[in-house]
Amino acid sequence: MQTDLDRAALTVSVAAGKGGTGKTLLSTSLAYALVERHPGAVQLLDADVEEPNADLVLPVQFTGTQPVELLVPQVDPETCVRCGKCAEVCAASAIARIRQTVITFHELCTGCGACAWICPVDAITEIPRVVGRVDTGMAEGGIEFVQGRSEVAQQHTGAITGAVKKHAKDDCITIIDAPPGTACPMQETVAESDYCILVTEPTPFGLSDLGAAVETCRALSVPCGVVVNRDGVGDAGVDDYCERSGIPILLRIPHDREIARAYSRGRTLALEFPDWRPKLVSLLDAVAREVSQ
Ligand code: SF4
Ligand code: SF4
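The written sequence of each chain sets the order in which its residues are numbered from 1. Written order determines the labels here, with chains lettered from A and ligands numbered from 1. Per-residue local features of the predicted model are confined to residues with pLDDT of at least 70, and side-chain atom pairs are confined, for both listing and counting, to 80 or more; whole-chain, interface and lining totals are unaffected and use all residues. Calculation of side-chain values draws on the structure's entire complement of heavy atoms; hydrogens and water are dropped beforehand.

Draft legend 1. Just the sheet that holds strand 8 (residues 173-177), in detail. Here, a strand pair is defined by DSSP locating no fewer than two bridges between the strands. A run of H or I in DSSP counts as a helix once it spans at least four residues, and a run of E counts as a strand once it spans at least two, with each numbered from the N terminus. In spatial order, the strands read 3-6-7-2-8-1-9-10-11; together these nine strands make up an open sheet with mixed pairing. In this open sheet, the two edge strands, each paired with only one partner strand, are strand 3 (60-75) and strand 11 (249-254). Going across the sheet, the axis of each strand differs from the next one's by a mean of 20°, ignoring polarity. Taken together, the 15 bridges between strand 3 and strand 6 (residues 124-139) define a ladder with antiparallel strand orientation. Bridged to L71 within strand 6 is P128. Two residues form a contact once any of their heavy atoms are found within 4.5 Å. Axis definition: a line fitted to C-alpha atoms, limited for helices to the stretch in contact. Angles are taken between N-to-C directions and run from 0 to 180 degrees. Its contacts with the sheet place helix 2 (residues 23-35) against strand 1 (10-15), strand 2 (42-46), strand 7 (143-150), strand 8, strand 9 (195-200), strand 10 (224-231) and strand 11, and it is angled at close to 165° to strand 8. Each of strand 9 and strand 10 is contacted by helix 8 (residues 204-219), which is oriented at about 170° to strand 9, the strand it contacts most.

Draft legend 2. The arrangement of the environment of R97 in detail. Assignment of secondary structure puts R97 in strand 4 (residues 95-98). For R97, a relative accessible area of 42% gives the class partly exposed. Note: C-alpha distance between R97 and C86 (eleven residues apart in sequence) is 8.4 Å. Ignoring sequence-local partners within four residues, the contact set of R97 consists of R82, C83, G84, A87 and V102. N or O atoms within 3.5 Å of each other form a polar contact, as long as, within protein, one can give a hydrogen and the other can take it, and as long as residues adjacent in sequence are counted only when both atoms are side-chain atoms. Here R82 takes part through its backbone oxygen, which lies 2.7 Å from a polar atom of the side chain of R97. Burial here depends on accessible area, computed with a 1.4 Å probe over protein chains only, as a share of the maximum for the residue type. Under 20% is buried, over 50% is exposed, and the range in between is partly exposed.

Draft legend 3. A look at the packing of aromatic side chains. Stacked, tilted and edge-to-face are the three classes assigned to paired rings of Phe, Tyr and Trp, where Trp is represented by its six-membered ring and a pair needs centres within 6.5 Å; plane angles under 30 degrees give stacked, over 60 edge-to-face, the rest tilted. Considering all chains together, one arrives at one aromatic pair under this definition. Arranged with centres 5.9 Å apart and planes meeting at 70°, the rings of F62 and F145 form a pair that is edge-to-face. Residue F62 is located in strand 3, and its partner F145 is located in strand 7; the two are separated by 83 residues in the primary sequence. Overall, F145 belongs to the buried group, its relative accessible area being 0%. We call a charge positioned over a ring when the NZ of a Lys or the CZ of an Arg lies within 6 Å of the ring centre and within 35 degrees of the ring normal. One residue, K279, lies across the ring of W276, its end atom 4.0 Å from the ring centre.

Draft legend 4. Layout of the site of ligand 1. Near is defined per residue: the residue qualifies when any heavy atom it owns lies within 4 Å of the molecule or strand. Taken together, P73, C90, A94, I95, C109, T110, G111, C112, G113, A114 and C115 make up the full set of residues adjacent to ligand 1. The rule is simple: put a 1 Å grid over the protein atoms alone, call a set of points where a 1.4 Å probe fits but cannot get out a cavity, call an open set with protein on both sides within 12 Å along at least five of seven lines a pocket, and count a residue as lining if it has an atom within 4 Å of a point. More than half of a molecule's atoms lying within 2 Å of a cavity's or pocket's grid points is what places that molecule inside it. Here ligand 1 is seated within the largest cavity. Taken together, the residues of the shell around ligand 1 break down into eight nonpolar, three polar and no charged. In the scheme used here, Gly and all other residues not listed as nonpolar or charged are polar, with Ala, Val, Leu, Ile, Met, Phe, Trp, Tyr, Cys and Pro taken as nonpolar and Asp, Glu, Lys and Arg as charged.

Draft legend 5. The environment of T200, seen in detail. Looking at where T200 falls in the secondary structure, it is placed in strand 9. T200 gets classed as buried once you look at its relative accessible area, which sits at 3%. Separated by 185 residues in the primary sequence, T200 and A15 have C-alpha atoms spaced 9.1 Å apart. In this structure, T200 is in contact with G206, L207, L210, V226, V227, V228, N229 and V238, ignoring residues within four places of it in sequence.

Draft legend 6. Seen up close, the site of ligand 2. Neighbouring ligand 2 are V75, C80, V81, R82, C83, G84, C86, V102, C119, P120, V121 and I124. With respect to the pocket detection grid, ligand 2 is positioned in the second largest cavity. Class assignment of the residues belonging to the shell around ligand 2 gives a composition of ten nonpolar, one polar and one charged.

And the structure:
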């Protein structure tokens, strides 16, 4: 049977307003469920670069690693005339003139290059600094797997997210595990996705985080739908909100001891419970249909 997914290359990010809601459980399960029907055409990108963990629930054979570098400023004190223009132009407060010295804070630098551009005497040289790495390999079932990992104390992870997203192929179904929350790392990940699946729990806290995540998707012009995890706990607030806001509920994963136990043992849903695979594929079919409209 041909479905919408068979006709569409698709990039779907999986996000959540906060950590611990089952985002990785879902992204790994979607990839695993799909690859059975689309061998060689499914990718899983773990863009949760501060805490990548998809490889813990879907075993991965890593075959390659590449450093991610950012160009950061190095000031030549002999040439510098202490005008302070570099500090004025830096939106990240990563370079400062303190009395007669110019100091750089490389862990804050985004590598935008503005300071070097504005320096009137070419006192700034841009030097590479390793901020993280991208690991590549093959996950269980034959899923092409890419994972970003930032260095400790790295404030700006955009370069690593960008390096991970560069691996997305035009002729594949690509699932991206986004960082939790709605701040810059999540936005950088979700931007340009065809669709974003938001995982939430049916509780007042879940609803509050979901509202923020929906607003973020709307600001990014990325259509979104909801997967309710641990369905059966909490109240009807998430359902009411989705109905009022016209956000589809794509799937409900019940509050189930067996599922929780499997996840705590490091096994993802689709791997442990084959009955779930058709439901997950149907979910992505529905997404593909909505995207192609
Ligand atoms: S490269 Fe950009 S972020 Fe880094 S110090 Fe210069 S102006 Fe600031
Ligand atoms: S802009 Fe150039 S000359 Fe001015 S303080 Fe910065 S490094 Fe020195």
